[in-house]
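Working through the structure, step by step
The lines below spell out each chain.
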Amino acid sequence: MNIIEMINQPWHWAFSGAMIALVLILLTWMGRSFGVSMSFRNICSISGAGKKNTFFNINLKDEYWRMVFVLGGIVGGIIGFTLLKSPEPVAIADATVQSLKGLGFDYPASDEKGLGFVPTDMYNFENLKGVIFAILGGFLVGFGSRYGDGCTSGHAISGLSHLQISSLITVIGFFIGGLIMTHLLMPIFFTL
Amino acid sequence: MNQNTEKLPRLIAFFAVGILFGIIMTKSEAISWFRIYEMFRFESFHMFGIIGTAVVIGAIAMFLMKKSNVKTLRDTAVSYTPMSFSLPRHIIAGTIFGLGWALVGSCPGPMYILLGHGYWMFALVILSAILGTYTYGVIKDKLPH
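A brief structural summary. (Residues numbered from 1 in each chain as written. Chains lettered and ligands numbered in written order. Predicted model: local features only at pLDDT ≥ 70, side-chain atom pairs only at ≥ 80, totals over all residues. Heavy atoms only, no water.)

Here we look at the overall build of chain A
So the rule is basically this: Strands are runs of DSSP state E lasting at least two residues, helices are runs of H or I lasting at least four, and both sets are numbered from the N terminus onward. Exposure is judged per residue with a 1.4 Å probe applied to protein chains only, and the accessible area is read against the type maximum: over 50% gives exposed, under 20% gives buried, and values in between give partly exposed. Two residues form a contact once any of their heavy atoms are found within 4.5 Å.
What chain A contains, in helices and strands, is eight helices and zero strands. When the helices and strands of chain A are read in sequence order from the N terminus, they spell out α-α-α-α-α-α-α-α. On the principal axes, the C-alpha backbone points of chain A span a range of 45 × 45 × 35 Å. With 192 residues in all, chain A has 56% of them scored as buried. Considering only contacts in chain A between residues 6 or more positions apart, those separated by 24 or more positions represent 53%.

This is the structure we're talking about:
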């Protein structure tokens, strides 16, 4: 097995977690703190929102690093989709595959790319319901992350690594919301 | 020397770390809507293992970097500015975020990475997240903080 074939296999969770910690360590060493959701605020600011609202009146030069980091993330996605593509779709639990049937998803066929990344039979532009959920979900993430002053990277990884009680409570909130959506709302939304 | 703006070589380094992040999140499968769904159903240890390992190693690393007075490349000490504690804010904001996270199966980092994979719907998700952020900025003074 050559090195590319090795990387192409899905990674073990322990190795994955260690690599995410490496990203945190690198960004910290470079003098910045890990956080992706602030990029949405930057884009508001670039779009001129600062003229209307002082919340978006930020020094963008201080945020260049984050914008190139996020652009790098997109390129990392392109590399992941091309050079480092996994041979098999994501191996989720059998119980999860079963419960997906209740939502109307046939796994892994419900991802048209065969990767097991996104249920494209819901999330495609021909499906009005999927478009509405994409808009709703994106809005909640954008609103909640700014209100909570951070997302998964800022709170669950960086904040918890700095032993922040605020981050711990915010992450508990992430799970309250996620559990309500997954167990109560999605079964209604997706089968309407 | 300007403390606030990185020059081009440093920005290229941040770009490279971003690429690394995109690859890690892809190969760890943390960008998968199905992995997030599975996590919220507690049907696999995978996502908990990833986040748990990252936090344990991250906490040890942050502790050691603070303890040894490491200077960052911007000539600053390793520190963290805590946000002011507010139980209602953390819980409400976290819950709103979590509702969206589970629905689109993606937090902000993976949204960009999935766009790189050619899941074009995430362009709309990101646009909507920007609108959500803007809306927060407009109504924030009316919210409990």
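So, the packing of helix α2 (residues 13-29) of chain A against helix α1 (residues 8-27) of chain B
The test is simple: Lines fitted to C-alpha atoms define the axes, with helix axes restricted to the stretch in contact, and inter-axis angles between N-to-C directions lie between 0 and 180 degrees. Relative orientations are named as follows: roughly parallel for angles under 35 degrees, roughly antiparallel for angles over 145 degrees, roughly perpendicular for angles from 65 to 115 degrees, and oblique for any other angle. The hand of a helix crossing depends on one turn: near helix anticlockwise from the far one by less than a right angle means left-handed, and clockwise means right-handed. Polarity classes work like this: nonpolar for Ala, Val, Leu, Ile, Met, Phe, Trp, Tyr, Cys and Pro, charged for Asp, Glu, Lys and Arg, and polar for all others, with Gly in that last group.
Running from N to C, α2 of chain A and α1 of chain B point in directions that differ by 165°, and their axes come no closer than 10 Å. Judged by the angle between their axes, α2 of chain A and α1 of chain B are roughly antiparallel. When the axes of α2 of chain A and α1 of chain B are compared, the crossing they make is left-handed. Residues Ser16, Met19, Ile20, Leu22, Val23, Leu26 and Leu27 of chain A of α2 of chain A form the contact with α1 of chain B, whose own contacting residues are Phe14, Val17, Leu20, Phe21, Ile24 and Met25 of chain B. A breakdown of the residues in the contact of α2 of chain A with α1 of chain B according to their chemical character gives twelve nonpolar, one polar and no charged.

Observations concerning the packing of aromatic side chains
Operational definition: Here a pair means two rings of Phe, Tyr or Trp (six-membered ring of Trp) with centres within 6.5 Å. Their orientation is stacked below 30 degrees between planes, edge-to-face above 60, and tilted elsewhere. A ring is scored as having a charge over it whenever the NZ atom of a lysine or the CZ atom of an arginine sits within 6 Å of its centre and within 35 degrees of its normal.
Enumeration according to the criterion identifies 31 aromatic pairs over all chains in this entry. The lysine or arginine in question, Arg41 of chain A, covers the ring of Phe55 of chain A, its NZ or CZ lying 3.9 Å from the ring centre.

Overview of the interface of chain A and chain B
A common way to express how large an interface is: the accessible area buried when the components associate. Rule in force here: Just to be clear on terms, a salt bridge is a Lys or Arg side-chain nitrogen sitting within 4 Å of an Asp or Glu carboxyl oxygen. Two N or O atoms form a polar contact when they lie within 3.5 Å of each other; inside protein one atom must be a possible hydrogen donor and the other a possible acceptor, and for residues adjacent in sequence the pair counts only when both atoms belong to side chains.
Chain A puts 134 residues into the contact, and the matching count from chain B is 112 residues. Scanning the region where chain A abuts chain B turns up one salt bridge. Its salt-bridge partner being Glu6 of chain B, residue Arg32 of chain A comes within 2.8 Å of it at the nearest N-O pair. In this assembly, chain A and chain B are joined by 32 residue pairs in polar contact (both at pLDDT 80 or more). Only α1 (3-8), α2, α3 (38-46), α4 (64-81), α5 (94-103), α6 (128-147), α7 (152-161) and α8 (165-189) of chain A provide two or more residues apiece to the side of chain A that touches chain B.

Remarks on the side chain of Thr152 of chain A
Relative to the helices and strands, Thr152 of chain A resides in helix α7. If near-sequence neighbours (up to four positions away) are discounted, Thr152 of chain A is found in contact with Ile157 and Phe174 of chain A together with Phe97, Trp101 and Cys107 of chain B.

Quick notes on the pattern of salt bridges
A full pass over the atoms with the stated rule returns eight salt bridges over all chains. Here Asp62 of chain A and Arg32 of chain A are joined by a salt bridge, their closest N and O atoms 3.2 Å apart. Here Asp62 of chain A is found in the loop between α3 and α4, whereas its partner Arg32 of chain A is found in the loop between α2 and α3, with 30 residues between them in sequence. On the accessibility criterion, Asp62 of chain A (22% relative accessible area) is partly exposed. One network of salt bridges, in which partners are shared, links Arg32 and Asp62 of chain A together with Glu6 of chain B.

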